[in-house]
Amino acid sequence: MKIVLYDVTIIGGGAIGCTIARELSRYQINVALLEKEIEVGFGTSKANSGIIHGGHHGSPDSLKGKLEWEGNQLWDPLADELGFGFRRIGELTVALAEDQLPTLNALKEQGEKKGVPGLELWDRDRLQQEEPSLSENAIAALFAPTTGVVNPYEACFNLIENAVLNGLNLFVSSPVQSITEGPDNTWILQTPKKEYRTRFVINAAGVFADRIAELAGVRTFSIHARKGEEYLLDKRLCGLVKRVIFPCPTPVSKGILVIPTFDGTLMVGPTAEMVEDKYNLATSSAGGQQVFDFVRNVVPGISARDCIAEFAGLRAVADGEDFIIGTTSKKGFINVAGIQSPGLTAAPAIATLVADIIRDEGLSMSLKDDFEPAVPKPIHFASLPTEKQIELARQNPSYGQIVCRCELITEGEILDAIDRGAKTLDGIKFRTRAGMGRCQGGFCTSRCMELLSRKMDVPIPEITKRGGESWVVKPRTELTAT
Ligand SMILES: Cc1cc2nc3c(=O)[nH]c(=O)nc-3n(C[C@H](O)[C@H](O)[C@H](O)COP(=O)(O)OP(=O)(O)OC[C@H]3O[C@@H](n4cnc5c(N)ncnc54)[C@H](O)[C@@H]3O)c2cc1C
C-alpha cells in the first residue's frame with residue numbers, strides 16, 4: 001500500500017483547527033486533519049459564549065489582544081461565504097458603581113489605540129432608552145458596535161465542509177496517540193486505525209495541546225483547564241436585551257455576561273473555575289447560583305426559573321495566559337496552544353498567521369486556481385415565507401414533516417444535516433436546532449435517531465448523542481438480560 005506524505009497535518013478539529021484547515025485549503029498543498037471525536041467542533045468550540053469580541057478588550061501588548069481585533073474583522077467575509085449564523089449586535093460594558101467608570105474610559109482608550117471604531121460612552125439615560133430592561137443600578141456603559149454573535153459549532157461544520165470540498169483529508173475518530181520523527185524531516189503520527197506521515201504538524205489540540213507537544217518531545221508549557229458554565233434561557237425572554245451585556249472586567253475575568261445568541265434566545269454565563277480533570281464538563285448548583293445572583297443585579301427580569309439547558313466548556317489556559325503560536329525546537333512542529341477566550345474571535349487571524357509561519361518555514365504554497373470559497377446555505381424552513389414553505393414541501397414532502405415541534409425543524413432539514421456530515425444527535429442538533437428548544441429533545445430524539453439509523457444504515461442502539469459511549473438506548477438483548 002502506498003504511504004501518503006502530507007505536507008501539513010493538523011491535530012484537532014475545533015474552531016482553530018477548522019479555520020486553519022480552511023485557510024490552507026486555498027493552496028496547492030496536501031493537508032490532513034486528525035480529530036479524536038466523531039465530529040469536528042465537539043470540544044470547547046461547541047461550548048462557549050459564541051461572541052465575536054469587539055476588539056477592545058485585550059491589551060495590544062499580548063498576542064491574544066492583537067489577534068482579537070484582527071480576527072474580529074475577518075468574520076464578515078467568512079460568514080458570507082460559508083453561510084453560518086453571524087450578526088454584529090453590539091455590546092455594552094456596564095458600570096454598576098462610580099469606581100468602575102475609569103475602567104470604561106481605559107477600555108475605550110485601549111480600543112481606540114487598536115483602531116476599533118465606534119466606541120461610545122453612554123450615560124444612564126441613554127442606557128435606559130436603548131436597553132430598558134437593564135437595572136437602574138447601571139450608571140454608564142461603553143458601547144462597542146463591532147461585537148457580534150456567531151453559531152460556533154455551525155461555523156466549524158461549514159469551515160470543514162468547505163475545506164473538504166477544496167481537498168482537505170478529514171479523519172474523525174482518530175486520536176493521535178504517538179508522534180515520532182521520521183526520515184528526511186518528516187513526522188509520523190499514530191492513531192489506533194492508521195499511521196500518518198507529514199512534513200508539518202500543527203498542534204491545535206485545545207486543552208490537550210500540552211500532551212501533544214509532550215508526545216513530540218517539544219513541551220515547554222502546560223495547559224490548565226478553566227471551566228465556564230453557561231445557562232440557556234427560555235424563548236419567552238427573547239429580545240429582553242438587544243446587545244451583549246458585559247460587566248466591568250476585573251484583571252482575571254471578563255465576568256458573567258448576558259448574551260443574545262445568534263438564534264435569538266438569551267444565554268447567561270460563564271463562570272470561571274480552574275479544574276484538574278480535563279474531561280470535567282459538569283455544571284453545578286453553585287455555578288448556577290453565582291450566575292443568576294450576578295445577572296439579577298444587571299437584568300432583573302431574568303430568573304433561574306427561565307433556564308432550559310446548561311452546559312460547561314473548558315478554556316485552554318497556558319502558563320502566562322497568552323496564546324502560544326509558533327515554531328518549536330524541532331523542525332516542522334508548530335504549536336497553536338493556549339487558545340482560551342477570545343480564541344473563537346481570533347480564529348481567522350490565527351489561521352492566516354499559521355499559513356504565514358508554514359510558508360516562512362519553507363513550504364512552497366501557491367494559490368489554487370479552482371478554490372471554491374462557498375458551501376450551500378442550509379435550508380431553514382421556519383424562517384422562509386409561507387409561499388416558499390408550501391412550494392418546498394410540494395417539491396419534497398420531507399420538508400412538510402415537522403420533527404422538532406419547539407423549533408419547527410423539518411425532516412428535510414435533518415436529512416440535509418446528515419447528508420452534510422452529522423453522525424450523532426448532537427451533530428443534528430447543532431446543525432439544525434432540533435432538540436434545542438423548551439422540551440430539549442423530548443419529542444424529536446426518537447425520530448432523529450430513526451433518521452440517523454436509516455441514513456447511516458446502522459441499528460438504533462448504535463446511535464449516540466455525541467460519539468464514544470454516549471448511547472441513548474440499550475439493545476433489546478441487554479434489556480431482557482438485566
Ligand atoms: C465557557 C467558555 C466561553 C467562551 N466564550 C468565548 C467567546 O464568547 N468568544 C471567544 O472568542 N472565545 C470564547 N471562548 C474561547 C473559545 O471557545 C476557544 O478559544 C476556542 O473554542 C478554542 O478552539 P480550539 O480549536 O483551540 O479548541 P477545541 O474546540 O477544544 O478543539 C481542540 C480539538 O482537538 C481535539 N483533540 C484533542 N486531543 C487530540 C488528539 N490526541 N488527537 C486528535 N484530536 C485531538 C479535541 O477533540 C478538540 O476537538 C470561550 C471558552 C469557554 C470555555
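Below is a short write-up of the structure. Sequence order as written defines the numbering, with residues in each chain counted from 1. Only residues with pLDDT of at least 70 are given local features in this predicted model, and only at 80 or more are side-chain atom pairs given and counted; all residues enter the totals for whole chains, interfaces and linings. Computation of side-chain values covers all heavy atoms of the structure but excludes hydrogens and water.

### Things to note about the overall build of the protein chain
- When its secondary structure is counted, the protein chain shows 14 helices and 22 strands.
- For the protein chain, whose C-alpha radius of gyration is 23 Å, the value lies close to the compact-globule estimate of 23 Å for 482 residues.
- Considered along the principal axes of its C-alpha atoms, the protein chain spans approximately 70 × 55 × 50 Å.
- Looking at the 482 residues of the protein chain, the share that counts as buried comes to 54%.
- Looking at the protein chain alone, contacts between residues at least 24 apart form 71% of all its contacts between residues at least 6 apart.
- Surface exposure here means Shrake-Rupley accessible area, sampled with a 1.4 Å probe, where a residue is shielded only by the protein chains that are shown. Only carbon and sulfur atoms are counted for the fraction: they give 51% of the accessible area of the protein chain, which is about 21,000 Å².
- Counted charges follow a simple rule, with Lys and Arg positive, Asp and Glu negative, and His plus the chain ends left uncounted. Note on charges: their place is set at NZ of Lys, CZ of Arg, CG of Asp or CD of Glu. Seen as two clouds, the 52 positive and the 61 negative side-chain charges of the protein chain have centres 4 Å apart. In DSSP terms, a helix is any run of H or I states spanning at least four residues, a strand is any run of E spanning at least two, and both are numbered starting from the N terminus. Here the globule rule is a power law, 2.2 Å times the number of residues to the power 0.38, and the radius of gyration is based on C-alpha atoms. The cut-offs for exposure are 20% and 50% of the maximum accessible area for each residue type, with area from a 1.4 Å probe on protein chains only; residues under the lower value are buried, those over the upper are exposed, and the others partly exposed. The contact criterion used is simple: two residues touch if any of their non-hydrogen atoms lie within 4.5 Å.

### Section: the site of the ligand
- Here a residue is considered near a molecule or strand provided that any single heavy atom belonging to it is located within 4 Å of it. Around the ligand sit 40 residues, and of these E35, S45, I51, I339 and T345 come closest.
- Under this definition, polar contacts are N or O atom pairs within 3.5 Å; protein pairs additionally need one hydrogen-donor-capable and one acceptor-capable atom, and for neighbouring residues in sequence, both atoms have to be side-chain atoms. In the environment of the ligand, an oxygen atom lies 2.6 Å from a nitrogen or oxygen atom belonging to the side chain of E35.
- Surface burial for the ligand is 96%, taken as the share of its 1,000 Å² of free accessible area covered by protein chains.
- Within the residue set of the shell around the ligand, elements represented by two or more residues are helix 1 (15–24), strand 13 (223–233), strand 18 (307–318) and helix 9 (343–360).
- Think of it as three bins: nonpolar holds Ala, Val, Leu, Ile, Met, Phe, Trp, Tyr, Cys and Pro, charged holds Asp, Glu, Lys and Arg, and polar takes everything else, Gly as well. Residue composition of the shell around the ligand, grouped by class: 17 nonpolar, 18 polar and 5 charged.
- Domain start and end points were adopted from an automatic or database domain assignment. Three or more residues apiece are contributed to the shell around the ligand by two domains, here domain 1 (1–88 + 148–221 + 319–377) and domain 2 (91–145 + 224–318).

### A few points about the environment of K423
- Along the chain, K423 turns up in the loop between helix 11 (411–419) and helix 12 (425–432).
- Classification of K423 as partly exposed rests on a relative accessible area of 33%.
- The residues touching K423, leaving out its near neighbours within four places in the chain, are I38, E39, V172, L452 and M456.

### Overview of the packing of aromatic side chains
- Stacked, edge-to-face and tilted are the three classes for Phe, Tyr and Trp ring pairs, Trp counted by its six-membered ring, which pair at centre distances within 6.5 Å; planes under 30 degrees apart are stacked, over 60 edge-to-face, the rest tilted. A full pass over the atoms with the stated rule returns 10 aromatic pairs.
- Taken together, a centroid distance of 5.6 Å and an interplanar angle of 70° make the contact between Y231 and F292 edge-to-face. Placement of Y231 in strand 13 and of F292 in helix 8 (residues 285–298) is noted, with a sequence separation of 61 residues between them.
- Its relative accessible area of 5% is what places F292 among the buried residues.
- Clustering of aromatic rings is evident, with ring pairs tying together Y6, F171 and Y196.
- Only when the NZ of Lys or the CZ of Arg is both within 6 Å of the ring centre and within 35 degrees of the ring normal is a charge said to sit over the ring. For R126, the ring lying beneath its charged end belongs to W122, and the centroid distance is 4.2 Å.

### Re the state of the cysteines
- The term disulfide is used for any two cysteine sulfur atoms that are within 2.5 Å. Inspection of the entire model under this criterion finds 0 disulfides.
- The closest cysteine sulfur to the non-disulfide-bonded C18 is located on C156, 4.5 Å from its own sulfur.
- Under the relative-accessibility criterion, C18 is labelled buried at 0%.
- Of all cysteine sulfurs in the structure, the one in C406 sits closest to C439, which takes part in no disulfide; the separation is 3.7 Å.

### Structural notes on the nonpolar core
- One finds V8, I10, L24, I350 and I358 to be the most contacted residues of the largest nonpolar core, which totals 54 residues.
- If you list the elements that add at least two residues to this core, you get strand 1 (5–11), helix 1, strand 2 (31–34), helix 3 (75–82), helix 6 (152–165), strand 12 (195–203), strand 20 (333–337) and helix 9.
- If we ignore the near neighbours within four places in the chain, the residues touching I350 are I16, L67, F323, I325, V336, I339 and G343.
- We define a nonpolar core as any set of buried Ala, Val, Leu, Ile, Met, Phe, Trp, Tyr and Cys residues linked to one another through side-chain atoms lying within 4.5 Å. Ranked by size, the runner-up nonpolar core spans 28 residues in total, among them L34, V176, A213 and A318.

### Some points on the pattern of salt bridges
- For this document, the term salt bridge refers to a Lys or Arg side-chain nitrogen within 4 Å of an Asp or Glu carboxyl oxygen. Under the counting rule described, the total for this entry stands at 32 salt bridges.
- Between K455 and D419 there is a salt bridge, and its shortest N-O distance comes to 2.8 Å. On the criterion of sequence distance, the pair formed by K455 in helix 13 (residues 445–456) and D419 in helix 11 is long-range, its members being 36 residues apart.
- According to the relative accessible area criterion, K455 is partly exposed, its value standing at 38%.
- A single salt-bridge network, built from bridges that share partners, covers E120, R126, E130, E131 and R243.

### A closer look at unusual backbone geometry
- For the bond from G269 to P270, the omega torsion is -5°, close enough to zero to count as cis.
- By the secondary structure assignment, P270 is in the loop between strand 16 (266–269) and strand 17 (273–275).
- Look at the link from S341 to P342: it is a cis peptide, with omega at 5°.
- Relative to the helices and strands, P342 is located in the loop between strand 20 and helix 9.
- Although it is not a glycine, Q440 adopts a positive phi angle of roughly 50°.

### Describing the packing of helix 2 (residues 63–72) against helix 9
- Only C-alpha atoms enter the line fits that serve as axes; for helices the fit covers just the stretch in contact. Angles between N-to-C directions range over 0 to 180 degrees. Contact geometry of helix 2 with helix 9 gives a least axis separation of 6 Å together with a crossing angle of 95°. What the angle tells us is that helix 2 and helix 9 run roughly perpendicular. For the pair helix 2 and helix 9, contact is made by L67, E68, E70, G71 and N72 and by T345, A346, P348, A349, I350 and L353, respectively.
- Considering only residue class, the contact of helix 2 with helix 9 consists of 6 nonpolar, 3 polar and 2 charged. Oblique is the label for any angle not under 35 degrees, not over 145, and not in the 65 to 115 range, which are roughly parallel, roughly antiparallel and roughly perpendicular in turn.

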